[in-house]
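Read off the chains here:
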Amino acid sequence: MTETIHARAVLLDMDGTLVDSTAVVERLWLAWAEPHGLDPATVLGVIHGRQGHQSMAILLPERDHEVNIHENAVMLANESSDVDGVVTISGADELLTALLPHPHAIVTSADLTLMNARMTAAGLTVPAIAVTAENVSASKPDPEGFLRAAELLGVDPADCVVFEDSSAGIQAGLAAGMRVIGVGKHAVTHGPTHHVDDLTQVTVVDTDDGFTLNLR
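Residues numbered from 1 in each chain as written. Predicted model: local features only at pLDDT ≥ 70, side-chain atom pairs only at ≥ 80, totals over all residues. Heavy atoms only, no water.

### Side note on the nonpolar core
Step number 1: In this structure, Leu 18, Met 119, Phe 163, Leu 199 and Leu 213 are the most contacted members of the largest nonpolar core, which totals 45 residues.
Step number 2: Sort the elements by how many residues they give to this core and helix H1 (residues 22-33) lands first, with 6 residues.
Step number 3: In contact with Met 119, not counting residues within four places along its chain, are Met 14, Leu 18, Val 19, Leu 96, Ile 106, Leu 124, Thr 125, Val 126 and Pro 127.
Step number 4: Within the second largest apolar cluster, 19 residues are counted, among which are Val 155, Ala 172, Ala 176 and Val 180. (Core = buried A, V, L, I, M, F, W, Y, C linked by side-chain atoms within 4.5 Å. Buried < 20%, exposed > 50% of the residue type's maximum accessible area, 1.4 Å probe, protein only. Helix = DSSP H or I, 4+ residues; strand = E, 2+ residues; numbered from the N terminus. Contact = heavy atoms within 4.5 Å.)

What follows is the structure in structure tokens.
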């Protein structure tokens, strides 16, 4: 059964949505967590979709914020230089190509360097408009990043469709007043508006007043 969603712009998360970076993310974060004696399952339940310093604040709530900012910078540098195991999500390249004539942007909790490193490792072209960690004051699940992207594209938030995989990202998209397509088998548990297993299930069709996303 095909679902048809009318849109004027698409906003795409990166990690878990366009690229699968799970291996390197979990490897580096569990190495960070070990000296603190943190439960691995708890760590993995927090880190996805958020900026690193926010994850650290949740996991170590008594720690000074400046320490988190410093360690997050170190983490970002390590993640940018370690792309072993980073691969594309099935259908990502085709979707990005189909969206070229239409307003679209990437909205990621990664910084600019990390975004470029992972997109390059996955063989994907970065959209012309990108909202990264440097461009926002609040991390997902705050909707700031998605609202900023809509503003840059000149499209009303209600006319934007978000592609996201994480709980924090899906919450952010919904809080921005946007429809959210959850990507991946776990995304459906976070309450997106729609869901696909991967991006091969998405087709872009031009219309007179925008385009539709056909989900199968």
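### Side note on the side chain of His 194
Step number 1: Relative to the elements of secondary structure, His 194 occurs in strand E9 (residues 194-196).
Step number 2: Residue classification places His 194 among the buried positions, given a relative accessible area of 17%.
Step number 3: Contact partners of His 194, with chain neighbours within four places excluded, come to Glu 3, Ile 5, Val 180, Ile 181, Gly 182 and Leu 215.

### Focus: the layout of surface pockets
Step number 1: Of the voids in this model, the largest pocket is the one considered here, and its volume is about 850 Å³.
Step number 2: Residue lining of the largest pocket: 40 residues in total, with Asp 15, His 48, Gly 49, Asp 165 and Ser 166 positioned closest to the centre.
Step number 3: Those elements that provide at least two residues to the lining of the largest pocket are H1, helix H2 (40-46), helix H4 (65-81), helix H6 (112-121) and helix H8 (167-175).
Step number 4: Class assignment of the residues belonging to the lining of the largest pocket gives a composition of 13 nonpolar, 16 polar and 11 charged.
Step number 5: Of the volumes computed, that of the second largest pocket is approximately 160 Å³.
Step number 6: Around the second largest pocket, the lining residues are Asp 93, Leu 96, Thr 97, Leu 100, His 104, Thr 125, Val 126, Pro 127, Ala 128 and Ile 129. (1 Å grid on protein atoms, 1.4 Å probe; cavity = no way out; pocket = protein on both sides within 12 Å on 5 of 7 lines; lining within 4 Å. Points joined across faces, edges and corners; volume = space filled by probe spheres on them. Nonpolar A, V, L, I, M, F, W, Y, C, P; charged D, E, K, R; others polar.)

### What to know about the pairing of strand E2 (residues 9-12)
Step number 1: By the alternation rule, side chains of E2 split into Ala 9 and Leu 11 and Val 10 and Leu 12, which are all buried.
Step number 2: Across 4 bridges, the pairing between E2 and strand E7 (residues 160-164) is parallel. From the neighbouring strand, Leu 12 faces E7, where its bridge partner is Phe 163.
Step number 3: Looking at chain direction, E2 and strand E5 (residues 104-107) are connected through 3 bridges and run parallel. Each bridged residue has a counterpart across the sheet, and for Leu 11 the counterpart in E5 is Ala 105. (Pairing = 2+ DSSP bridges.)

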